[in-house]
Amino acid sequence: MRILCLLILILLAPVFTLAQSEQFEMVKVAEDVYAAIRKEPPGLTVNGNSVFIINDRDVIVVDTTLTPGTAKEELAALRRLTNKPVTYVINTHWHDDHIMGNQVYRDAFPHAEFIAHVKTREYLPTTGLANRKQAMAPDGYPAFINFLRSLLERNKKQSGEPLSAEERSTYASDLEIAESYMAENPGVEIVLPTITLDDRLTLYRGERTIDIRYLGRGHTSGDIVVYLQKEGVVITGDLVILPVPYVGDPQSHPGDWSATLQRLIALHASVIIPGHGPVLRDDSYLQLMSRLFASIREQVEAAVRRGETLEQTRKSVKLDEFRKTFVGESPVRRAIFANYVIGPAVAAAFHDASCKADC
Ligand SMILES: [Zn+2]
């Protein structure tokens with residue numbers, strides 16, 4: 001549990017590179033707009049989607065994956081589409097699975113600017129640095145790697161039951177991701193945003209308008225979305241994650257997340273590119289996430305009004321119906337829902353609901 005908590009501080013998502021075929025699919029979502037959708041199974045650790053917006057004279061990249069190795073693979077795929085230079089890299093938020101490839105773009109395009117929310121700029125050299133050091137310490141990723149290796153070697157869960165095929169492939173992917181993180185990321189130089197926004201920043205490129213917006217707190221306090229109105233495309237970062245949202249305590253704000261998602265839905269995009277998972281063509285999953293977070297907020301606020309402690313609130317909040325909908329029969333999703341939704345979301349919502357000032 002402590003390992004999972006550490007990991008959630010640092011990413012909430014990753015991929016391995018060598019000896020494997022590319023672990024992403026380039027999906028054309030509009031004319032000259034391509035999403036690199038990660039193919040690793042949803043697990044305890046993951047890599048993030050990226051998007052390439054090819055304009056008349058340049059390219060804008062949204063999010064840069066968990067490791068330089070995977071960013072290089074995606075840059076090579078971009079090069080097969082165009083030789084135009086990357087001029088802007090937008091980071092939707094500060095987690096490692098969205099920023100650790102920044103260095104690759106900075107090295108390849110020394111004049112590129114890096115855009116993010118002002119909170120991302122504040123977080124990366126402070127809390128982010130401390131959390132990354134913790135993740136790389138022996139009880140962070142190295143302990144997680146040992147845990148996964150022993151699970152796979154024994155082929156048994158902690159309960160003694162054998163691993164299912166889904167569990168084996170997920171933990172094998174988690175292991176590769178964790179190993180590539182430790183192999184590559186200790187040497188990575190964090191590239192900070194060179195341009196920040198609080199609320200909104202618009203780029204104009206020929207006929208294209210790239211609208212970068214802050215819609216409110218959710219996965220973090222610095223989530224931004226990239227909206228191409230004419231194309232009907234929105235790039236959401238981790239405000240939207242499939243098949244189960246990842247919530248961090250204390251970094252996420254589940255109490256605000258539902259309203260933020262409603263602002264996202266109100267953009268009426270016909271193509272929604274999530275931070276993790278496949279491209280969506282309608283808002284039904286966003287509505288489901290919104291209902292989940294509205295329910296968490298409502299239940300936690302009621303518990304706080306009754307004067308319950310966090311431990312009592314954990315018991316009184318009921319999310320069984322949502323768990324069935326998100327998890328289905330999958331034990332892996334069940335573990336993700338328990339570790340990345342129920343535990344941290346109730347705690348983070350409790351913190352925000354109990355907070356009187358400066359929250
Ligand atoms: Zn992520």
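**Student:** Residues and numbers for the pattern of salt bridges, please.
**Tutor:** This structure, assessed with the given rule, holds 20 salt bridges. Across the pair Arg323 and Asp320 runs a salt bridge, and its minimum N-O distance is 3.7 Å. One end of the pair, Arg323, and the other, Asp320, are both in helix α12 (residues 320-327), three residues apart, so they sit about a helical turn from each other. Residue Arg323 is classed as partly exposed on the basis of its relative accessible area of 22%.

**Student:** Can you explain the sheet that holds strand β2 (residues 33-38)? Please cite residues and give values.
**Tutor:** Within the open sheet, the seven strands sit side by side as β1-β2-β3-β4-β5-β6-β7. Their pairing is mixed. Across the chains shown, the open sheet's two edge strands, defined by having one partner strand only, are β1 (24-30) and β7 (195-197). Taken over all neighbouring pairs, the strand axes of this sheet differ in orientation by 20 degrees on average, direction set aside. Judged from the six bridges that link them, β1 and β2 form a sheet pairing that is antiparallel. When the bridges of β2 are listed, Val27 appears paired with Ala35.

**Student:** An account of unusual backbone geometry is needed here, citing residue identities and associated values.
**Tutor:** Cis geometry marks the peptide bond from Leu242 to Pro243; its omega dihedral reads 0 degrees. Between Asp249 and Pro250 the backbone carries a cis peptide bond, its omega angle lying at 15 degrees. Topologically, Pro250 is positioned in the loop between β11 (233-241) and α9 (254-265).

**Student:** A description of the packing of helix α10 (residues 284-305) against helix α13 (residues 331-354) should follow, citing residues and the corresponding values.
**Tutor:** The contact between α10 and α13 brings their axes to 9 Å, and the two run at 50 degrees. By the angle between their axes, α10 is oblique relative to α13. In the packing of α10 onto α13, the handedness of the crossing is right-handed. On the side of α10, the interface is formed by Leu292, Ile296, Val300, Glu301 and Val304, while α13 contributes Phe337, Val341, Ala345, Val346, Ala349, Phe350, Ala353 and Ser354.

**Student:** Account for the sheet that holds β11, naming residues and giving values.
**Tutor:** Pairing is mixed in the open sheet, where five strands are placed in the order β8-β9-β10-β11-β12. This sheet does not close on itself; its edge strands, each paired only once, are β8 (200-205) and β12 (271-276). Here the strands of the sheet are splayed against their neighbours by 25 degrees on average, with no regard to which way each runs. Where β11 lies against β12, five bridges are found, and the strand directions are parallel. From the neighbouring strand, Ile235 faces β12, where its bridge partner is Ile273. Packed onto the sheet, α9 meets β10 (224-228) and β11 and runs at close to 165 degrees relative to β11.

**Student:** Describe the packing of aromatic side chains, listing the residues and the values that go with them.
**Tutor:** The geometry of an aromatic ring pair is captured by two quantities: the separation of the ring centres and the angle between the planes. Considering all chains together, one arrives at seven aromatic pairs under this definition. Taken together, the ring pairs connect Tyr141, Phe144 and Tyr181 into an aromatic cluster.

Conventions used here
Residues numbered from 1 in each chain as written. Predicted model: local features only at pLDDT ≥ 70, side-chain atom pairs only at ≥ 80, totals over all residues. Heavy atoms only, no water. Salt bridge = Lys/Arg side-chain N within 4 Å of Asp/Glu carboxyl O. Helix = DSSP H or I, 4+ residues; strand = E, 2+ residues; numbered from the N terminus. Buried < 20%, exposed > 50% of the residue type's maximum accessible area, 1.4 Å probe, protein only. Pairing = 2+ DSSP bridges. Axes fitted to C-alpha atoms, helices over the stretch in contact; angles between N-to-C directions. Parallel < 35°, antiparallel > 145°, perpendicular 65-115°, else oblique. Left-handed = near helix turned anticlockwise from the far one by under 90°. Contact = heavy atoms within 4.5 Å. Phe/Tyr/Trp six-rings, centres within 6.5 Å; stacked < 30°, edge-to-face > 60°.

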